[in-house]
There are 2 protein chains.
Amino acid sequence: MKPVNVGMLGLGTVGSGVVNILERNADVINRRAGREIRVTHASARHPERPRSCRLEGIRLTTDPFEVVDDPEVEIIAELIGGHEPARELVLRALDNGKHVITANKALIASHGNEIFARARENGVTVAFEAAVAGGIPIIKAVREALTGNRIEWLAGIINGTSNYILTEMFYEGRQFGDVLAEAQRLGYAEADPSFDVDGTDAAHKLTILASIAFGIPLQYDKVYVEGIDHITREDVAFAEELGFRIKHLGMAFHEEGGYALRVHPTLLPRRHMLANVDGVMNAVMVKGDAVGPTLYYGAGAGAEPTASAVVADMIDVVREFNLEPENRVPYLAFHTESLSREPVLPMRDVETAYYLRLSARDEPGVLADVTRVLGDFGISIEAIIQKQPQAGAEHVPIILLTHRIHERHMDAAIERLEHLEQVDGRVVRIRVESLE
Amino acid sequence: MKPVNVGMLGLGTVGSGVVNILERNADVINRRAGREIRVTHASARHPERPRSCRLEGIRLTTDPFEVVDDPEVEIIAELIGGHEPARELVLRALDNGKHVITANKALIASHGNEIFARARENGVTVAFEAAVAGGIPIIKAVREALTGNRIEWLAGIINGTSNYILTEMFYEGRQFGDVLAEAQRLGYAEADPSFDVDGTDAAHKLTILASIAFGIPLQYDKVYVEGIDHITREDVAFAEELGFRIKHLGMAFHEEGGYALRVHPTLLPRRHMLANVDGVMNAVMVKGDAVGPTLYYGAGAGAEPTASAVVADMIDVVREFNLEPENRVPYLAFHTESLSREPVLPMRDVETAYYLRLSARDEPGVLADVTRVLGDFGISIEAIIQKQPQAGAEHVPIILLTHRIHERHMDAAIERLEHLEQVDGRVVRIRVESLE
């Protein structure tokens, strides 16, 4: 099938990320979408500036309206941000019969009702997964996966800058202003961070989440909003003393008589999963009456995490081009004829780290013998615990933590260990993973 | 539009849950799907047994083939489990042109390739979100949301019984056998728990997850499987001493030369998010090259969590009946004409608990005055911290934790507190939520 042509509005951080992902992962994207997706047009205010993506094959212009008016472009990715000219560009693209993907939370929260109506009139789609919580598929989860539920409430850490500041205040005992200044130096916070720390950004996202959870029109102006600039390290410490962590949350509740949409700092019990989401990470918890609490966690900002959501929306749109249900979303995510034939490895060829526990005679030289066996198979040791024998016991437990090694070497080493005269019985082996 | 008729195969725990959700949440489901979804037919081995769902309007039979052959039924929900007759029933339903929803992991892991091919031949859909991790939309996330990513690995706690046992061994220092016996008494574990504790159930689920992550055919027989029955409380304690928790994980890695599909107990660093998933809860972490690590958490089993996924699949299928892209998934999850007109509440009408910090003169009777003011507004106190004054300081910080109250009462109380002679400056107020 012929490739799908994408026109990018904006080639900044997220825009470059989209171009990079589409190029780097072209093979898996084609296998999933059933079509090639390629960027053919792009607009940038300063096209001469160096970019972190390749621009070969892309027609570059300074005028975004040229891109939305180009008849070759089928999908527009709006990554300019803000209200105007983003709104005008999106409406014009829709009027031109193009599908639109946007990461623009302010646009959707404030003008979504108008934009959706225009898309409907033109028989095209607007997708906005990237507008909320970056790479976390929270819109898809609420809109397409929790659909059997009456949503009771949702609550999220949906601004990475605020969460980074509160995390530093908690772990390092620092004041708000100090952390913010450092975050700006390090590039974690915008040069003008006011929308992040005053709650505006979170309120935009919460507006969208509340609408899709409860089925209410977008009403940004009804959200109660408070930022984190008045939180002191003393409050963070007192809260901890009481068993709580302070998090900046966007929350939506369905209550008697209406909906409560709230963005403000919140004390959460220390063991709550949201209380343990640290740094720039985002997470949203959604409580459905049938499913109970569910949580979605990941990077809420940054070039590639946000671009990941933009590209997913593109693939959703392209999959819609295929009308048969089976071809929309392939059963195994990839189209059947393009499933991989690479083998599943036998366990002996898999590499992992190990926890070993063995019972050994309590006499000198045992540990040396054990470590020599491991050394013979190229297995290096990260930690050892040797316990004192219990009164009257002849054997002591020895616990070893090893570095990563192929399982076949560990199999051989364990066999040898079990034949050592000083070792009693079987060696217990549990694999260790750091999953980073 | 006319209602969609569902035929249920099996009216056990999950089947009853599906009937209950479709009835209880009929209004929100209709507003999301654009059609009424109703159960019209059902098969049960012992139809006379008492059920935890209403059966009015459902034609009940002992013969499941009657249901799959009935021309009035458009969607079949297969909730019998196991290989046969589930496989035969599903194939026959597909041949009869019906869409099939199933929660049957063994069926998909072992016969999925055949079943998908048959669905394709008949131009109908098979949906199986409920087969993996119950109510967590992990299949949708990997298949439709991380589609721009090259998936590097995924790892999940995907068997609630095993996780419950390991959690109890960790917190209570109990042995495997004791906890298992108790779990069976309490109904957390099946009468025959062998598929749970020997890893078979997790291996079925991992087979499916690995296929959709990497685009490889389903190959259950290639999964390395180990259960938790050899884990002792001593290993759990030694692991903790080394800074780890033992979790039973299903993991899939893309490695040099092929894929590693592994189900076994694993030491995970104590602060890892998966290490902190306790009890019967499930969670899956997926690492994409663009998005980084993402995590999906929720109830992995149980009547309503599993039924939540079954109903979501039904809504997905029904939305496919609508051919225009806009009508498939409504922008705000609910169809436009059915958005709710209930109001967003002003903050003064919202109820929450509060953390208050105030600075008061260090003299007798201050605390009594403060608590009296709160009492006057019906605000009751859950905890108080009063600090010793710093050397030379005239004021001491007083920290209060209150029970839930409407914000308007708290506004009034704070105003009064700030007018107390002994209170210095403003009262700091941070809201407290337990989000349970």
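Cut-offs applied
Residues numbered from 1 in each chain as written. Chains lettered and ligands numbered in written order. Predicted model: local features only at pLDDT ≥ 70, side-chain atom pairs only at ≥ 80, totals over all residues. Heavy atoms only, no water. Helix = DSSP H or I, 4+ residues; strand = E, 2+ residues; numbered from the N terminus. Buried < 20%, exposed > 50% of the residue type's maximum accessible area, 1.4 Å probe, protein only. Contact = heavy atoms within 4.5 Å. Areas by Shrake-Rupley, 256 points an atom, 1.4 Å probe, with all protein chains shown as cover. Least-squares fit on C-alpha atoms with pLDDT ≥ 70 in both. Salt bridge = Lys/Arg side-chain N within 4 Å of Asp/Glu carboxyl O. Core = buried A, V, L, I, M, F, W, Y, C linked by side-chain atoms within 4.5 Å. UniProt positions renumbered as here; feature names shortened; annotations may be inferred. Expected span 1.5 Å × (residues − 1). Arc of directions from axis to C-beta. Phe/Tyr/Trp six-rings, centres within 6.5 Å; stacked < 30°, edge-to-face > 60°. Lys NZ or Arg CZ within 6 Å of the ring centre and 35° of its normal. Axes fitted to C-alpha atoms, helices over the stretch in contact; angles between N-to-C directions. Parallel < 35°, antiparallel > 145°, perpendicular 65-115°, else oblique. Left-handed = near helix turned anticlockwise from the far one by under 90°. Nonpolar A, V, L, I, M, F, W, Y, C, P; charged D, E, K, R; others polar. Pairing = 2+ DSSP bridges. Patch = residues over 30% accessible without salt bridge, like charges linked within 9 Å, V, L, I, M, F, W, Y side chains within 5 Å. Lys, Arg positive; Asp, Glu negative; His and termini not counted. Charge placed at Lys NZ, Arg CZ, Asp CG, Glu CD. Buried area = accessible area lost by both parts, 1.4 Å probe. Polar contact = N/O pair within 3.5 Å; in protein donor to acceptor, adjacent residues only side chain to side chain. Domains from an automatic or database assignment.

1. Observations regarding the overall build of chain A
Within chain A, the secondary structure is distributed over 15 helices and 17 strands. In terms of overall dimensions, chain A has a C-alpha envelope of 85 × 55 × 50 Å along the principal axes. Taking all 436 residues of chain A together, 62% fall into the buried category. Taking all contacts inside chain A whose residues are at least 6 apart in sequence as the whole, residues at least 24 apart take part in 69%. As displayed, chain A has an accessible area near 16100 Å², and 48% of this comes from carbon and sulfur atoms.

2. Focus: the relation of the copies chain A and chain B
In the superposition of chain A on chain B (RMSD 0.1 Å, axial shift 0.0 Å), the rotation amounts to 180°. On this basis, the relationship between the two copies can be described by a two-fold rotation axis. The C-alpha atom lying nearest the rotation axis in chain A is that of A:Tyr296; the distance is 2.4 Å. In this assembly the copies share their binding face: 100% of the residues contributing to the interface of chain A also contribute to that of chain B.

3. Considerations on the pattern of salt bridges
Here the structure, examined in full by the defined rule, presents 74 salt bridges over all chains. Here A:Glu418 ties to A:Arg426 by a salt bridge, and the two come within 3.1 Å at their closest N and O atoms. According to the relative accessible area criterion, A:Arg426 is exposed, its value standing at 67%. Across the pair B:Arg87 and B:Glu114 runs a salt bridge, and its minimum N-O distance is 2.9 Å.

4. A look at the nonpolar core
Counting residues in each nonpolar core, the largest one holds 122 residues, and the members touching the most others are A:Ile138 and B:Ile138. Each residue touching A:Ile138, except ones within four places of it in the same chain, is listed here: A:Glu129, A:Val132, A:Ala133, A:Leu209, A:Val284, A:Val286 and A:Tyr296. B:Trp153, B:Leu249, B:Ala283 and B:Leu295 belong to the second largest nonpolar core, which has 42 residues in total.

5. Here's the deal with the UniProt feature "binding site: NADPH" (unreviewed entry) in chain A
Residue and element names in this part refer to chain A. UniProt feature "binding site: NADPH" (unreviewed entry): in the numbering of this structure it lies at Lys105. For lysine 105, the location among the structural elements is in helix H5 (residues 105–122). Not counting the four nearest positions on each side in its chain, lysine 105 is found in contact with Ala131, Asp201, His204, Lys205 and Ile208.

6. Topic: helix H15 (residues 407–419) of chain A
Residues and elements named next belong to chain A. Here H15 spans 19 Å end to end across 13 residues, near enough to the 18 Å set by a 1.5 Å rise per residue. All of the buried residues along H15 are Glu407, Met410, Ala413, Ile414 and Leu417. Buried positions in H15, seen along its axis, are confined to an arc of 120° and lie on one side of it. Residues Glu415 and His419 are exposed on H15 and point more than 90 degrees away from its buried face.

7. As for the packing of aromatic side chains
Here the structure, examined in full by the defined rule, presents seven aromatic pairs over all chains. The lysine or arginine in question, A:Arg245, covers the ring of A:Phe170, its NZ or CZ lying 3.8 Å from the ring centre.

8. A short note on the packing of helix H1 (residues 13–24) of chain A against helix H12 (residues 303–321) of chain A
All names here are of chain A. Where H1 meets H12, the axes come as close as 8 Å, and the angle between the chain directions of the two elements is 60°. One finds that H1 runs oblique with respect to H12. H1 and H12 meet at a crossing whose hand is right-handed. Side by side, H1 and H12 meet where Thr13, Val14, Gly17, Val18, Asn20, Ile21, Leu22 and Arg24 of the first sit next to Ala303, Glu304, Thr306, Ala307, Ser308, Val310, Val311 and Met314 of the second. Looking at the contact of H1 with H12, its residues break down into nine nonpolar, five polar and two charged.

9. Digging into unusual backbone geometry
Residues and elements named next belong to chain A. Put simply, glutamate 84 and proline 85 share a cis peptide bond, and its omega is 10°. Tracing the backbone through its elements, the reader meets proline 85 in the loop between strand S4 (75–78) and helix H4 (86–95). Unusually for a residue other than glycine, alanine 133 sits at a positive phi of about 60°.

10. Points about the pairing of strand S9 (residues 244–255) of chain B
All names here are of chain B. Within S9, ten of the twelve residues are buried, which leaves the element mostly enclosed by the surrounding structure. In the sheet, S9 pairs with strand S10 (residues 258–269) via twelve bridges, with the strands oriented antiparallel. Counterpart to phenylalanine 244 in the pairing with S10 is proline 269. The turn joining S9 and S10, which pair antiparallel and follow one another in sequence, is formed by two residues; a positive phi near 90° is taken by glycine 257.

11. Here we look at a negative patch on the surface
A cluster of like negative charges, contributed by A:Glu190, A:Asp192, A:Asp198 and A:Asp229, occupies part of the molecular surface. Considering the arrangement of structural elements, one finds A:Glu190 in the loop between helix H8 (176–186) and helix H9 (194–197).

12. Overview of the sheet that holds strand S3 (residues 59–61) of chain B
All names here are of chain B. Pairing within the open sheet is parallel, and its six strands lie in the order S3-S2-S1-S4-S5-S6. Every other strand in the sheet has two partners, leaving S3 and strand S6 (126–127) as the edge strands with one partner each. Here four bridges tie strand S4 (residues 75–78) to strand S5 (residues 99–102), and the two strands are oriented parallel to one another. Residue pairing for S5: alanine 77 is matched across the bridge by isoleucine 101.

13. Let's talk about the interface of chain A and chain B
Of the residues lining the interface, 141 residues belong to chain A; the matching set on chain B comes to 141 residues. In total, chain A and chain B occlude about 11700 Å² of area from one another, counting both sides; carbon and sulfur atoms represent 58% of this. On the chain A side of the interface with chain B, the three residues burying the most area are A:Tyr331, A:Val344 and A:Leu435, jointly 8% of the side's total. Where chain A meets chain B, there are 16 salt bridges. In this structure, the salt-bridge partner of B:Arg431 is A:Glu226, at a minimum N-O distance of 3.1 Å. On the surface where chain A and chain B come into contact, there are 69 residue pairs in polar contact (both at pLDDT 80 or more). The dominant element in the side of chain A that touches chain B, judged by the number of residues it contributes, is strand S10 (residues 258–269) of chain A, at eleven residues. Taken together, the residues of the side of chain A that touches chain B sort by class into 77 nonpolar, 27 polar and 37 charged.

14. With respect to the sheet that holds strand S1 (residues 4–9) of chain A
All names here are of chain A. Reading across from one edge, S3-S2-S1-S4-S5-S6 is the order of the six strands in this open sheet, with parallel pairing throughout. The sheet terminates laterally at strand S3 (59–61) and strand S6 (126–127), the two strands that pair on one side only. Sheet strands in contact with H12 are S1, strand S2 (37–43), S4, strand S5 (99–102) and S6, and its direction is about 160° off that of S5.

15. Section: helix H10 (residues 200–214) of chain B
Residues and elements named next belong to chain B. Look at H10: 21 Å from first C-alpha to last across 15 residues, which is about the 21 Å you get at 1.5 Å a residue. The element H10 is extensively covered by neighbouring structure, given that 15 of its 15 residues are classed as buried. Glycine 215 sits one or two positions beyond H10 and adopts a positive phi of about 70°.

16. Some points on the domain arrangement of chain A
Here chain A is partitioned into domain 1 (4–134 + 305–338), domain 2 (138–300) and domain 3 (347–432). On a C-alpha basis, the centroid separation for the pair domain 1 of chain A and domain 3 of chain A is 55 Å.

17. Quick look at the packing of H5(A) against helix H10 (residues 200–214) of chain A
All names here are of chain A. Two numbers describe how H5 lies on H10: the axes approach to 9 Å, and their chain directions differ by 55°. In terms of orientation, H5 and H10 fall into the oblique class. For the crossing formed where H5 meets H10, the hand is left-handed. Here Lys105, Ala106, Ile108, Ala109 and Ser110 of H5 come into contact with H10, specifically with Asp201, His204, Lys205, Thr207 and Ile208. Grouping the amino acids of the contact of H5 with H10 by side-chain chemistry returns four nonpolar, three polar and three charged.

18. Quick word on the environment of A:Val90
Residue and element names in this part refer to chain A. Locating valine 90 in the fold gives a position in helix H4. For valine 90, a relative accessible area of 2% corresponds to the buried category. Sequence-distant contacts of valine 90, defined by excluding residues within four places in its chain, comprise Glu78, Val100, Leu107 and Ile115.

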